Amino acid sequence: MAKSNEPIWWSLFSAGGVVAALLVPIHIVLFGIAWPLGMLPADALEFSRMQALLAHPLTRLYCFVLISLPLFHWAHRFRFTLVDLGLHGAAMLIAVLCYGAAIAGTIVAALTLWG
Amino acid sequence: MKPYIRPMPATWWLKRSPYLLFMIRELTSVFVAAYVVIFLLMIRSLNEGQAAYEACLESLKSPLAIVFHMVALAFALFHTITWFHLTPKAMAVRIGEERVKPALIIAPNYVAWAVLSAIVAWFILG
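Reference entry: report on the structure contained in this document.

Parameters at a glance
Residues numbered from 1 in each chain as written. Chains lettered and ligands numbered in written order. Predicted model: local features only at pLDDT ≥ 70, side-chain atom pairs only at ≥ 80, totals over all residues. Helix = DSSP H or I, 4+ residues; strand = E, 2+ residues; numbered from the N terminus. Expected span 1.5 Å × (residues − 1). Core = buried A, V, L, I, M, F, W, Y, C linked by C-beta atoms within 7 Å. Buried ≥ 20, exposed ≤ 12 C-beta atoms within 10 Å, placed from the backbone. Contact = placed C-beta atoms within 7 Å. Nonpolar A, V, L, I, M, F, W, Y, C, P; charged D, E, K, R; others polar.

Brief notes about helix H4 (residues 102-125) of chain B
The terminal C-alpha atoms of H4(B), which comprises 24 residues, lie 35 Å apart, in line with the 34 Å expected from a rise of 1.5 Å per residue. With its phi angle positive at about 55 degrees, B:Gly126 sits one or two positions after the end of H4(B).

Structure, rendered in structure tokens:
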């Protein structure tokens, strides 16, 4: 059987799906809805507190996982969606662009968190 | 050899509601990815210092940002629910001859979701 790198992409897709399902909704609710609508205490997201939180190595690792894995999840789904929409001819290019974007996002996230 | 690909209009997924739901499920990943990019930008602003971070928090209050987050939340929840309901299909657990009821495999996902959401909120809001 020919070697395939498909299991790697599928594992990242699957892990990203789990992270997105379990953790993304609460982040959107807190930062994107509760905070702007004034449902949180005024000092809830205060600079020095958030900076201290992010200073912890485990918080950084958490943020890295939360950013990187859902990008691979997106790449895998979007790749096949575009092909399903009829772009069969560009399947290889689409795969390279999608996974490439996820890899680029992962590198930027790593540099932001540990650079 | 060139495989035969049956011609298909690009709008095939509008024809039946299961196809449409499939497409919406695939589209959830776009909103999830867009959100994590926003989250990354928030962390960048935190690294840049207090002024940049406070400007970032202020920009979250714009009506456009609030609408985006509400739409993104709807798609994120659609992903969460469809993902949980796929688990018994991806993981067919058997005890002896009997196949474990799908509901018993789905339910722990909701428990884990609630617990993790509470932990994240507790860490952020302290």
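Comments concerning the nonpolar core
Residues A:Ile67, A:Leu71, B:Val32, B:Tyr35, B:Val36 and B:Ala76 are the most contacted members of the largest nonpolar core, which totals 40 residues. Elements supplying a minimum of two residues to this core: helix H1 (6-34), helix H3 (57-84) and helix H4 (91-114) of chain A together with helix H1 (17-48) and helix H3 (63-90) of chain B. In terms of residues, this core owes the most to one element, H1(A), which gives 11 residues.

Focus on the interface of chain A and chain B
Taken together, the contact pairs 43 residues of chain A with 45 residues of chain B. Within the residue set of the side of chain A that touches chain B, elements represented by two or more residues are H1, helix H2 (47-55), H3 and H4 of chain A. Broken down by element, the residue count for the side of chain A that touches chain B peaks at 15 residues, all from H1(A). Taken together, the residues of the side of chain A that touches chain B sort by class into 31 nonpolar, 10 polar and two charged.

Some remarks on the environment of A:Ile94
Residue and element names in this part refer to chain A. Inspection of the secondary structure puts Ile94 in helix H4. Between the C-alpha atom of Ile94 and that of Ala20, which follows or precedes it by 74 residues, the distance is 22 Å. Aside from chain neighbours lying at most four places away, what touches Ile94 is Arg79, Leu82, Val83 and Leu87.

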